[in-house]
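Chain by chain, the residues:
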Amino acid sequence: MNKLVATGKTVEDAVNQGLARLSASRDQVSVQILSQPSKGFLGWFSREAKVELTLQAEPARGDSLDHNKAYASTQDEAATAVEVPDASETEATADRAPTATVSPEAAKDNDPFEEAVSFLIETAKAMGLSITVHVEHGHDQTTLNISGDDLGMLIGRRGQTLDALQYLANIVANRYADRYLRIVLDAENFRARRQKTLEGLADRLAKQAVSTKKEVALEPMPASERKIIHARLQNHAAVKTYSKGDEPNRRVVISSRRS
């Protein structure tokens, strides 16, 4: 056996596994890193390091140093792969422009929207869900509509999981795009239903602010939802709105114009 593929928790572990199977030392093989280990997303899709070891039939003197240099160089290059941010950092807003890069060759061969759809399908599969994703291209954004059974887990409380997935889908798509793409994720018409709920809330709290002549502070919301409140009351004759606080605790305040 002159060549084999080995895996491990780290690249070094994978190399050592391969060396043991070949009964060889490091200077007797050349190493190609096929993939770096990945923690995945929220514990899903974790991936071990994968390397290919090729046994050199008659290594010449001095080759040991060369092989080690080649291994280190390959490892450094592979280490530049982009990592998905932790979910705690994905306070989603449609205004942010998450970016990441891949090689020009990979970007040319992969469609950004297909990559985003594949990411969503694989994520849902890991959650035990079967979904389909319909792509709708608009003037300044593309909407990915998710359909399937029991989508509450994908939507989450007040859409928080859906917002996090939207953030990550934007990162995935923009890795393969030559210009910035804006993706909106929707499921079971949640965005329209949430907008209607927020507009009703804005109307009720505007009446409260007028009757009490006191400011009414809403709970913290992502920027996309704060915009809905501001837009709903923008032309209201008796109240005005503004935002205060820092993310992720920034909130809308409604106050009477006559207070």
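In case you missed it, the structure is sitting above this.
Because the structure is a prediction, the values reported are computed rather than measured. (Residues numbered from 1 in each chain as written. Predicted model: local features only at pLDDT ≥ 70, side-chain atom pairs only at ≥ 80, totals over all residues. Heavy atoms only, no water.)

J.: In this structure, what is going on with the pattern of salt bridges? I would like to understand it.
T.: A pair can form between side chains of opposite charge whenever their charged atoms are brought close. Evaluation of the coordinates by the stated rule reveals 8 salt bridges. E219 is paired through a salt bridge with R158; the nearest N and O atoms lie 2.1 Å apart. Of the two residues, E219 sits in the loop between β7 (216–217) and α8 (223–233) while R158 sits in the loop between α5 (152–155) and α6 (160–175), which places them 61 residues apart along the sequence. A salt bridge links E247 to R226, with the shortest nitrogen-to-oxygen separation between them at 2.8 Å. Placement of the pair is E247 in the loop between β8 (239–244) and β9 (251–256) and R226 in helix α8, with a sequence separation of 21 residues. Using a relative accessible area of 7% as the deciding quantity, one classes R226 as buried. Each of E199, D203 and R232 takes part in salt bridges that share partners, so that together they form one network. (Salt bridge = Lys/Arg side-chain N within 4 Å of Asp/Glu carboxyl O. Helix = DSSP H or I, 4+ residues; strand = E, 2+ residues; numbered from the N terminus. Buried < 20%, exposed > 50% of the residue type's maximum accessible area, 1.4 Å probe, protein only.)

J.: Can you walk me through the sheet that holds strand β4 (residues 131–137) in this structure?
T.: Note: strands within a sheet are paired through backbone hydrogen bonds, in either parallel or antiparallel orientation. With mixed pairing, 3 strands are arranged side by side in an open sheet as β4-β5-β6. Edge positions in the sheet fall to β4 and β6 (183–187), since each has one partner strand and no second. With direction set aside, neighbouring strand axes in the sheet form an average angle of 25°. (Pairing = 2+ DSSP bridges. Axes fitted to C-alpha atoms, helices over the stretch in contact; angles between N-to-C directions.)

J.: I would appreciate a short explanation of the side chain of E52 in the present structure.
T.: Counting through the fold element by element, E52 comes out in strand β3 (residues 49–55). For E52, which is buried and forms no salt bridge, the nearest opposite charge comes from K3, at a distance of 4.3 Å. E52 has contacts with K3, L4, V5, S30, V31, Q32 and L34, leaving out every residue within four places of it along the chain. (Lys, Arg positive; Asp, Glu negative; His and termini not counted. Contact = heavy atoms within 4.5 Å.)

J.: How should the environment of A49 be read in this particular structure?
T.: Take A49: it is sitting in strand β3. For A49, a relative accessible area of 0% gives the class buried. Between the alpha carbons of A49 and L34 there is a distance of 7.7 Å; along the sequence they are 15 residues apart.

J.: Help me understand the environment of R251, please; the structure alone is not making it clear to me.
T.: Structurally, the position occupied by R251 is in strand β9. Through-space distance from the C-alpha of R251 to that of M221 is 5.8 Å; in sequence the pair is 30 residues apart. From its side chain, R251 meets the backbone oxygen of L218 in a polar contact 3.2 Å long. (Polar contact = N/O pair within 3.5 Å; in protein donor to acceptor, adjacent residues only side chain to side chain.)

J.: I tried to follow the sheet that holds β8 on my own but got confused; where do I start?
T.: The strand order across the open sheet built from 3 strands is β7-β9-β8, with neighbouring strands paired in antiparallel fashion. In this open sheet, the two edge strands, each paired with only one partner strand, are β7 and β8. With 2 bridges connecting them, β7 and β9 associate as antiparallel partners. Bridged to V216 within β9 is I254. Helix-sheet contacts for helix α7 (residues 190–212) involve β7, β8 and β9, and the interaxial angle to β9 is about 45°. On top of the sheet, α8 reaches β8 and β9; it is set at about 160° to β8, its chief contact.

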